[in-house]
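# Structural overview for review
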Amino acid sequence: MPLFVRRQKPGPLKPKANPYPSRFYRWRNSLCVTFVFILIVGGGLRFYKPFADTVEEGLFEGTAWIQGVFIRPFYETRDVLKDTYVFMHLKEDHAQLKQENEKLRLQVQALLPLQAENAALKKNLKVAEFETHGHLSTRVLASPYDGIHHFFLIGAGRKDGLQKDQAVIAFEGVVGRLEKVGQHISRVLLLTDSSSRIPVKTLDSDQKAILAGEGTFFPTLVYVNDTHKVHVGEKVVTTGVGGIFPPGLPVGIVDEIVNGKIKIRPYVPLQSLEWAFVLRALPEGFVDEFNRIVEGE
């Protein structure tokens, strides 16, 4: 038996396969598969348009549905908060409406005797019980202010029976008069234009005057008998002098008085007006003929 045994050097260690692959290798495989799938789908979308349109429509509808699902709670919350706000102020609105209703009831009670008295006076004076003016409703086609003149155009003309200098009004009051009349379109001169003159009077102080436009949105009163009797907040109406505007049409309210110059704020919102009415006088003898027919003569 040998005394010394030669020791052999160990060989290199052979690497063993990792039974647990790293996360990088797993992601690499997933990325490769995803990239190949994208190439296939992209190629299909590129070369087959009907399929591309179908997919695009599906994605759009899906996105819209998802947005609707997420946004709907916010809309519901907003509606609930809005209803809560309305409910909180409902009691206050009810009290205000009740108070206004009481005021209107008192006004009606005060007007009923006046109505009966007016009917009796008309009967004694043999006044016709209807207006002597017809009207034509028309739409405003242009802005009422061009920087220099105050006017607008309406979609009616001679074909509708309009004539120059006919009065133009709105629900709130006087607007102006017809300055130019075409076949299908007419031009309305507003009461704020520098060439507009309208006979008017104040209701409280009963001061007759001329409403003169100055090219601004606030016409003035000229030729007033006594300016000291006119006060701020007083209503101004037409007098009927001149035959263009019937008497009693509301014009505006006294806005301010500076150094004897009385400025009037018109009732009609000229900058936002969309519809206007042209007054047309009924034919001469219409009232008498109507009365004869009614009375059976």
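Residues numbered from 1 in each chain as written. Predicted model: local features only at pLDDT ≥ 70, side-chain atom pairs only at ≥ 80, totals over all residues. Heavy atoms only, no water.

## Structural notes on the sheet that holds strand β6 (residues 197–202)
- Spatially, six strands are ordered β6-β7-β8-β11-β10-β9 in a closed barrel, and the strand pairing comes out antiparallel. Across the sheet, the mean angle from the axis of one strand to that of its neighbour is 45 degrees, orientation sign disregarded.
- Of the pairings in the sheet, the one linking strand β9 (residues 235–238) to strand β10 (residues 250–258) comprises three bridges and is antiparallel in character. Its bridge partner being in β10, Lys235 is matched across the sheet by Ile253. (Pairing = 2+ DSSP bridges. Helix = DSSP H or I, 4+ residues; strand = E, 2+ residues; numbered from the N terminus. Axes fitted to C-alpha atoms, helices over the stretch in contact; angles between N-to-C directions.)

## A closer look at the pattern of salt bridges
- In the structure shown here, the tally under the stated rule is seven salt bridges.
- Taking the shortest distance from any N to any O, the salt bridge between Asp165 and Arg177 comes out at 2.9 Å. Of the two residues, Asp165 sits in the loop between β2 (151–154) and β3 (167–169) while Arg177 sits in strand β4 (residues 174–181), which places them 12 residues apart along the sequence.
- Put simply, Asp255 and Arg265 hold a salt bridge, and the shortest N to O gap is 2.9 Å. A residue pair is termed long-range when its members are at least 10 positions apart, and Asp255 in strand β10 and Arg265 in strand β11 (residues 261–266) qualify at 10 residues.
- Taking relative accessible area as the criterion, Asp255 reaches 27% and is therefore assigned partly exposed. (Salt bridge = Lys/Arg side-chain N within 4 Å of Asp/Glu carboxyl O. Buried < 20%, exposed > 50% of the residue type's maximum accessible area, 1.4 Å probe, protein only.)

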